[in-house]
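In case you want the letters, here they are:
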Amino acid sequence: VHLGLAYPDGAANSYARTANATMWLKEYAWFNWEVAQDLWAQYGAAFNGTIRGFYTGLEVANSVFWSEHTEALAGHFLQPQAREIHAQLDPSLLVSSSPYFVGNLTRHAARSITDARSYAAWWGQLFSRAPDFGLIAPQDSMGAQGNSFQNVSDYLDAMAAESRLQRRAVWSNVELFEVWPRSCEWPAQCHGRHPAPFERIRRQLANEAPRADLLVAWEWHSCLSPHGSTNASAELYMEYKSYVLGTSEDDDKR
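Computed from a predicted model, the values in this text were never measured in an experiment. Numbers given for residues are sequential positions, taken from 1 along each chain in its written order. A pLDDT threshold of at least 70 governs which residues receive local features in this predicted model, and a stricter bar of 80 or more applies before side-chain atom pairs are shown or counted, although totals over entire chains, interfaces and linings include all residues. For the side-chain quantities, the full set of heavy atoms in the structure was used; hydrogens and water were omitted.

**A look at the state of the cysteines**
(1) Moving on: Sulfur atoms of two cysteines make up a disulfide when they are within 2.5 Å. Tallied over the full model, the rule gives 0 disulfides.
(2) Moving on: Not part of a disulfide, C223 finds its nearest cysteine sulfur in C184, a span of 15 Å.
(3) Moving on: Think of it in three bands: with a 1.4 Å probe and only protein chains considered, a residue is buried below 20% of the maximum accessible area for its type, exposed above 50%, and partly exposed in between. What makes C223 buried here is its relative accessible area of 1%.

Structure (structure tokens):
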């Protein structure tokens, strides 16, 4: 189990942009550290070995904005909380983040984002400045950002290469959802979420598994739960279960 830490009310990235980024990151890191201490005090002894790490919560993206805050992000957010978790809680705990990359240029102006290789190199700088920080599980951004399979291949290849150069493992965060309704217009009306078709998810798994050490997904109860908020989530769960057990028509395609 990897425990999530704090997530500020509203969109974390928006808060960072509207205030002094360095001070905001310092306060956020301190809040995360307080949450980590509280969780460990309550559950660390009883579940030592089951709790394997902490997820920082901040979703950094390949925007030019973040590339201007390298030192603050590494020195005042990633490293301090990871260092204290290792020094005061357990040195074996993995501290991770799940950034994302937008390669679909219909969603953002090219001048506002960095390309896959530059973004990966930037993460290499963060790793070198935050030696206690464990790894990243990049979101494939196929759920709402509209990345293509090629966007994901280019991005994940670059991120994996840089992670391994910095002696980190790399995970990939497979997004299980799509925007809803499908007819929504970007960006104002695309806030709804719905389980993605399993055929798309199956292709995501096939595309990302060879490029990463581990695949993860954010379930959200609305995407893959047999007891989810819609029948669609239960249907997707059954499709995935059949796929894993080798009882589906997709078995010979894995």
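**So, the environment of V152**
(1) Moving on: A run of H or I in DSSP counts as a helix once it spans at least four residues, and a run of E counts as a strand once it spans at least two, with each numbered from the N terminus. Looking at the element boundaries, V152 is found in helix α6 (residues 149–165).
(2) Moving on: In this structure, the C-alpha to C-alpha distance between V152 and Q139, residues 13 residues apart in sequence, is 9.1 Å.
(3) Moving on: Excluding anything up to four places from it in sequence, V152 contacts D140, M142, N147, D157, N207 and E208. Residue contacts follow a heavy-atom distance rule, with two residues in contact if any of their heavy atoms lie within 4.5 Å.

**Quick word on helix α8 (residues 231–245)**
(1) Moving on: Its 15 residues place the ends of α8 21 Å apart at the C-alpha level, agreeing with the 21 Å of an ideal helix rising 1.5 Å per residue.
(2) Moving on: Lining the buried residues of α8 we find β7 (192–195) and α7 (198–208).
(3) Moving on: Looking one or two places after α8, you find G246, whose phi comes out positive at around 75°. Working rule for helices: expected span equals 1.5 Å times residues minus one.

**What about the side chain of E208?**
(1) Moving on: Position of E208 among the secondary structure elements: in helix α7.
(2) Moving on: Asp and Glu count as negative and Lys and Arg as positive, but His and the ends of the chain are not part of the count. Only one rule defines a salt bridge in this text: a Lys or Arg side-chain nitrogen within 4 Å of an Asp or Glu carboxyl oxygen. Among buried Asp, Glu, Lys and Arg side chains, E208 stands out as unpaired, with R200 the closest opposite charge at 8.1 Å.
(3) Moving on: With residues near it in sequence (within four places) discarded, E208 still touches D140, V152, L156, S172, N173, V174 and L215.

**Regarding the packing of helix α4 (residues 70–89) against helix α5 (residues 116–129)**
(1) Moving on: Remark: α4 packs on α5, axes separated minimally by 9 Å, with the N-to-C direction vectors making an angle of 45°. Comparing the axis directions of α4 and α5 gives the class oblique. Relative to α5, the crossing made by α4 is right-handed. Facing α4, whose interface residues are T70, E71, L73, A74, L78 and Q79, α5 presents W122, W123, Q125, L126 and R129. Helix axes use the C-alpha atoms of the stretch in contact, all axes being lines fitted to C-alpha atoms, and the angles between their N-to-C directions lie in the range 0 to 180 degrees. Here the angle decides the label: under 35 degrees means roughly parallel, over 145 means roughly antiparallel, 65 to 115 means roughly perpendicular, and every other value means oblique. Put simply, a crossing is left-handed when the front helix is turned counterclockwise from the back one by less than a right angle, and right-handed when it is turned clockwise.

**Considerations on α4**
(1) Moving on: An ideal rise of 1.5 Å per residue puts 28 Å on 20 residues; α4 measures up with 26 Å between its terminal C-alpha atoms.
(2) Moving on: The angle between axes fitted to the seven residues ending at a residue and the seven residues starting there is what we call the bend at that residue. Taken as a whole, α4 carries its principal kink of about 40° at Q79; the proline P80 stands between one and four residues after it.

**Re the confidence of the model for the chain**
(1) Moving on: The pLDDT value expresses, per residue, how confident the predictor is, ranging between 0 and 100. On average, the chain scores 90 in pLDDT, and the residues at 70 or more come to 92%.
(2) Moving on: Predicted confidence in the chain is weakest over helix α1 (residues 12–18), with a mean pLDDT of 53, and strongest over strand β3 (residues 94–97), with 98.

**Considerations on the pairing of β3**
Here is the key point about a regular strand: its side chains alternate between the two faces of the sheet.
(1) Moving on: Here strand β2 (residues 53–55) pairs with β3 via 3 bridges, running parallel. In the strand pairing of β3, G53 is matched with L94.
(2) Moving on: At least two bridges found by DSSP between two strands is the condition for calling them paired. Bridge count for β3 against strand β4 (residues 135–136) is 2 bridges, and the pairing is parallel. Residue pairing for β4: S96 is matched across the bridge by L135.
(3) Moving on: Throughout, right-handed denotes a crossover for which the path from the first strand over the helix to the second runs clockwise when the strands point away from the viewer. The parallel pair β3 and β4, bridged by α5, forms a crossover whose chirality is right-handed.

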